[in-house]
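Below, each chain spelled out in residue letters.
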Amino acid sequence: ADHSTEACYNDIVNWYPKVKPGKFLVGHNYRRRFGVVSAVNKFTEENKLELIRFGHSNWAIIKKNDMNQSQIVQDLSDIRRNRKHYLWEVFMKKYKCDYICELGVCKGKNFHQMIKHNPKLAVAIDSWIEDGTISRNDGRYPQKELDEQYESFKSSVQDKPFVKIYREYTFN
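Residues numbered from 1 in each chain as written. Predicted model: local features only at pLDDT ≥ 70, side-chain atom pairs only at ≥ 80, totals over all residues. Heavy atoms only, no water.

Novice: Sorry, what's going on with the overall build of the chain here?
Specialist: Scanning the chain from N- to C-terminus turns up six helices and eight strands. Written out in order from the N terminus, the α and β elements of the chain read α-β-α-β-β-α-β-β-α-β-α-β-α-β. Compactness check: the chain gives a C-alpha radius of gyration of 16 Å against a globular reference of 16 Å for 172 residues, within 12% of the reference. Each of the three principal axes of the chain carries a C-alpha extent, and together these read 45 × 35 × 30 Å. Looking at the 172 residues of the chain, the share that counts as buried comes to 42%. Long-range contacts, defined as pairs at least 24 residues apart, comprise 58% of the intrachain contacts of the chain with a sequence gap of at least 6. Total accessible area on the chain is roughly 9700 Å²; 49% of this is exposed by carbon and sulfur atoms. In the chain, 29 positive and 22 negative side-chain charges are present, and the distance between their average locations comes to 5 Å. (Helix = DSSP H or I, 4+ residues; strand = E, 2+ residues; numbered from the N terminus. Rg over C-alpha atoms; globule rule 2.2 N^0.38 Å. Buried < 20%, exposed > 50% of the residue type's maximum accessible area, 1.4 Å probe, protein only. Contact = heavy atoms within 4.5 Å. Areas by Shrake-Rupley, 256 points an atom, 1.4 Å probe, with all protein chains shown as cover. Lys, Arg positive; Asp, Glu negative; His and termini not counted. Charge placed at Lys NZ, Arg CZ, Asp CG, Glu CD.)

As C-alpha cells, then:
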C-alpha cells in the first residue's frame, strides 16, 4: 500500500464504510515516515473516532456499536508477537473476524498470521511493483525481488480457497 498521506487517507476513507459495526480497521507503520500518522489522525479527528494504538506502530479504529471498547483495546494490546509479526489467531476468533483484507501484503507474513483461523474471505492487495515511488515500496526492493515475493506469496496460499489476491494499487 502507498504510505503517502493522500493515498493512506484515501484508503481509510474508501475502506472504512465496508467495516461492519463492532469490527475494526487496523493498520501499522504509524511511527514511520511517509504519511500514515497524518492520514490516520486526520480521519479519526474528522469523524470523531477513537484512535487505538497498540504494539510498536499499530493502530486501529473500531466502528462503533454496543461492544465493550475497553475490552477490545485490551485484547489488541494483548496480541503476542513472534519476532516481527503479530499472532492474530486468538483475537480473530474471539471477535469473529470472518472477512479480512490487508492492503500492502509484501511478503505475506502478517497476512498468514491473520488467516490462521480460516476466515470466510481474506483479501490480499499489493502492487508488488517498483515504480520509483518510495512510499509504495519502502523496502526499496528491486522489481525482480517483488516478483519473487508475489510468486512465493501466491504459492503459499494456493491451498486456501478463501484467499483472493489482487496485484494492483489500492487506489485502482
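Back to the text.
Novice: Please explain the sheet that holds strand E3 (residues 58–62) as it appears in this structure.
Specialist: Through backbone hydrogen bonds, the strands of a sheet pair up, either in parallel or in antiparallel fashion. In spatial order, the strands read E1-E3-E2; together these three strands make up an open sheet with antiparallel pairing. On the outer flanks of this sheet lie strand E1 (24–27) and strand E2 (51–54), each paired with one strand and no other. With direction set aside, neighbouring strand axes in the sheet form an average angle of 25°. The pairing of E2 with E3 spans four bridges and is classified as antiparallel. Of the residues in E3, the one forming a bridge with Phe54 is Asn58. Contacts from helix H3 (residues 69–77) reach E1, E2 and E3 within the one sheet, and its direction differs from that of E2 by about 25°. (Pairing = 2+ DSSP bridges. Axes fitted to C-alpha atoms, helices over the stretch in contact; angles between N-to-C directions.)

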